[in-house]
Every structure is written in C-alpha cells, then in structure tokens.
Amino acid sequence: MEDDTASSSIRTESKAGYVLSNVAEVVERILTFVPTKALLRIARVSRLWRNCARRVLKTQQKTSWLSAFGSSRYEEHILLGNMEEGLENIYLLPQTALLMVDSENFNGHNSSYRHKKARKYQDEDESDAIDRLRRLLPKSCDILWIITPGIVLTPTGLPCNSPQEFMEGEAGFSLLFPAMEGVHIRPFHFCKKNLSQNSLEEAGLVGNPDLKVVLLFGYDAYKSGAARFLNQLLEPLAHSNVLIAGGHVEKAFTQQRNCCSPGSFGVTGLALSGSKIQGASVLLDQDVSSPKAAEVTIRRLKAADIPERNTIGFMFACVARGHNHYNNQHNVEADTFHKIFPSVPLFGFFGNGEIGCDRIVKENYTLSETDANGLQHGYTTVMSLVHLG
C-alpha cells in the first residue's frame, strides 16, 4: 500500500512538473499572483517562464503607491525604510517614481527631533538618501523627489483608504508608474542655464499635440530672477490645451539635475502625454474657508465626468491653509475630496505657492482660459484629477 501511495505521488509530481515546464497558459496564470520583484527572480528558471513573466509585466498597467507616516526607528526618513519592504510586494515594474517627503524631518530642521534620532541630514546625507533610493528602484526608473513643508497622502493599500493631511510629523509617499499603453510620462528639469525653446521641445512641453498634463514644481522661487524664469516656462503652457498643476517646494532632486549650481532656482516636473489621458482641476481660493465652501468647489470636478478607475487625485495647497485656515478643523480638504471621490487616491503637498487653475482636458474638449500670471497663486489649493486611461 505504501508503495502504491508513493508511486501515485511521484506520478502527480511528474504531471505537475510537466505542466509547469510546458504549459504557458498555466504558468502565466500562476505568475499573475507573484509580486514583481519575485517575478523577476522566477523568470530566470527557464525560457518559458521568462516569456510568461514578460507577458505578465505588460498587463500591469495600473499605478501603485507606497506611503508612510509616524516615527521612523532608523536614521533615515520613514518612507525610505518602508519602501525597502513595500517594493517586495508591489505588482508592477516602476518606470517613473514621484516621491514627496516632509522637509522638517528629511532636512533635520527640528533640532530636538534630530538629537533624539541622531539625524544629520545635510547635503551629503541627502546624496546618500538618493543613492539608496536608486538602489531600491530599477536602474531604468526615472525618479523625481520633492521635499516640501507638508504632505498629503493616501495610506498604502486600497484607493478607498481615507487620505490624510500632514502639516507636522514625518510623512511621505512614492507614486509608482509602470509602462502604460497609450501613456508616456517624461520627467523634466530646467534651470537658467538650460531653459530654451529647444529644451522645451525636447521635454515634450512645446510642439507636442499629445501633451495632456504637466505636474510642475518650482524650487528656490524666492530668489532674484526666479519669478521671471517661471513665467518663461508657464507662458507657452498657459495658452495650450494642457492641465497644469503643482506649486513651489523646498527642494527637488532628479536624475538629470547636474546642470545648475548649488542653491540656484529651477523648475522640475512630469509631462504626461497620450490620447487616453484626461484631467480636470479646480482652484480653492482664499475665500474658501469652510467645509461647505470646500465641498461646493471640489464637487465641480464631478462636472468633468472623468472615469474614476485608474485615476489619481492631486492636492497642492498653501502651507497657510490646512487646519489653520479652517478654524482648527483638520483634514477638511482631503476628507471632502474623499467624500466626493471615495475610490480615487489623493496625493500632494503643502507648499510655498500654488500653480494651476480651473481647467478641464477631456477628449476633444478643453477649458483653458488664463495666462502665465493666472496660473500662480498664494493661500489657495489646486485640486486635480488625472485619468491614465
């Protein structure tokens, strides 16, 4: 009897081995349940598994994200620590990564906090952090890292998780974009040394009929000449049929930023092109200072009738807003967005000035009536939807 059982087990294993070595449909189905990092390791088993893994990667078309908040146990920012573990469990191969972290804890401005955790975030430490990030992400992944006073994020997991505003404390997120059919995401960076008509065209910001959305972030905007420089960039965009959203931040790091001298101003961001992309934004001006008024304004995004599947919300707010602007009521704008769009994750920051306006970019219809000055604001919030097809 034992011999029969053993023989049956061997035959079963033999059949399973045959299927896993020869039947691509079965292997491919199994690999859809494997996180990407493990999938890339598994792909080395055989040519069949490698081909199946490639096909599975092509199906991973949805953006994912990792977010973190609280207090890190390590000397690095909490987002970096969480990313090392979180990247083991995502189901996409990142082609572009947009990260945002709070400036207080990344830069170590809070001396008591820095002493408590033995942090020394100076220029060399920032370089170490960026090098570590590049080791965590694929070599082919374009990275844009933003440092700003406050963070808006949706906790890691489901889009239906309630977004949170962090004007204090350690927080950050990483939006991870895979290669998507019909969507092209291109990072750009300009300083006074490289801004020209040719460089704008090379970045896809001018003369690109497929350009739909520009996420744009200025740094060191308080320095002499920065306002005029930003206008040079915004002027051609203001008169195009493109959704523009962003603001002014503390610092920005990109892989291509080698041209400007330390401490000089500049602009960086992402240009999103593709026929499938749609977008809409509204501007919550300074007079919007109650939850009811915020809901009335944000609800106008519904009029754009943009699909909520594979859509991301962006919130770029003045650091003077938040609970300070809403009579000490916390999370007003993020909660209102979630009430209206419960299945759309929300990300963004509290910064030093906002860029954007009321605008819709949808199929053949575009609402676009402003100039470069009309895109720049203070004490406001730019709330946007970006649909990636």
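All figures in this text were calculated on a predicted structure; none of them were measured in a lab.

S.K.: How would you sum up the layout of surface pockets? Please name residues and give values.
M.R.: Here the idea is plain: a probe the size of a water molecule rolls over the atoms and shows the empty space left. Space inside the second largest pocket adds up to approximately 460 Å³. K62, T63, S64, W65 and P159 are the residues nearest the centre of the second largest pocket, which is lined by 24 residues in total. Counting residues per element, the lining of the second largest pocket draws most heavily on strand β1 (residues 64–70), at three residues. The residue inventory of the lining of the second largest pocket, partitioned by class, reads nine nonpolar, twelve polar and three charged.

S.K.: Which residues make up the pattern of salt bridges, and what values do they have?
M.R.: Using the criterion set out here, one finds eight salt bridges in the structure. Its salt-bridge partner being R299, residue E295 comes within 2.7 Å of it at the nearest N-O pair. Taking the shortest distance from any N to any O, the salt bridge between R300 and D358 comes out at 2.3 Å. Residue R300 is located in the loop between α11 (291–298) and β13 (311–318), and its partner D358 is located in the loop between β15 (354–355) and β16 (359–362); the two are separated by 58 residues in the primary sequence. For D358, a relative accessible area of 33% gives the class partly exposed. Taken together, the salt bridges that share partners define one network made up of E295, R299 and K339.

S.K.: Describe the sheet that holds β1, and please don't skip the residues or the numbers.
M.R.: Pairing is mixed across the open sheet formed by five strands, whose spatial order is β1-β6-β2-β3-β10. Looking along the sheet, the strands with just one partner apiece sit at the ends: β1 and β10 (251–254). Between one strand axis and the next, the sheet turns through 10° on average, direction left out of account. Taken together, the six bridges between strand β2 (residues 96–102) and strand β6 (residues 170–177) define a ladder with antiparallel strand orientation. Residue pairing for β6: A97 is matched across the bridge by L176. On top of the sheet, helix α5 (residues 78–86) reaches β1, β2, β3 (142–148) and β6; it is set at about 135° to β1, its chief contact.

S.K.: An account of the environment of C191 is requested, with residue identities and associated values reported.
M.R.: Note that C191 resides in strand β7 (residues 184–191). The exposure class of C191 is buried, given its relative accessible area of 1%. Put simply, C191 and G266 are 75 residues apart on the chain and 4.4 Å apart in space, counted from C-alpha to C-alpha.

S.K.: Tell me about the packing of helix α2 (residues 24–31) against helix α4 (residues 47–59), residues and numbers included.
M.R.: Contact pair α2 / α4: the axes reach a minimum separation of 9 Å and the direction vectors enclose 50°. The angle between α2 and α4 falls in the class oblique. The hand of the α2/α4 crossing is right-handed. Of α4, the residues touching α2 (which contributes A24, V27, E28 and L31) are L48, W49, C52, A53, R55 and V56.

S.K.: Go over the nonpolar core with me, naming the residues and quoting the values.
M.R.: Judged by nonpolar contacts, the single largest core of 36 residues is most densely connected at L98, M100, L175, F177, F217 and L388. The next biggest cluster of nonpolar side chains, apart from the first, holds 25 residues, and it includes V214, L234, I244 and C357.

Thresholds applied
- Residues numbered from 1 in each chain as written.
- Predicted model: local features only at pLDDT ≥ 70, side-chain atom pairs only at ≥ 80, totals over all residues.
- Heavy atoms only, no water.
- 1 Å grid on protein atoms, 1.4 Å probe; cavity = no way out; pocket = protein on both sides within 12 Å on 5 of 7 lines; lining within 4 Å.
- Points joined across faces, edges and corners; volume = space filled by probe spheres on them.
- Helix = DSSP H or I, 4+ residues; strand = E, 2+ residues; numbered from the N terminus.
- Nonpolar A, V, L, I, M, F, W, Y, C, P; charged D, E, K, R; others polar.
- Salt bridge = Lys/Arg side-chain N within 4 Å of Asp/Glu carboxyl O.
- Buried < 20%, exposed > 50% of the residue type's maximum accessible area, 1.4 Å probe, protein only.
- Pairing = 2+ DSSP bridges.
- Axes fitted to C-alpha atoms, helices over the stretch in contact; angles between N-to-C directions.
- Contact = heavy atoms within 4.5 Å.
- Parallel < 35°, antiparallel > 145°, perpendicular 65-115°, else oblique.
- Left-handed = near helix turned anticlockwise from the far one by under 90°.
- Core = buried A, V, L, I, M, F, W, Y, C linked by side-chain atoms within 4.5 Å.

Function-wise, these values are silent; they only describe arrangement.
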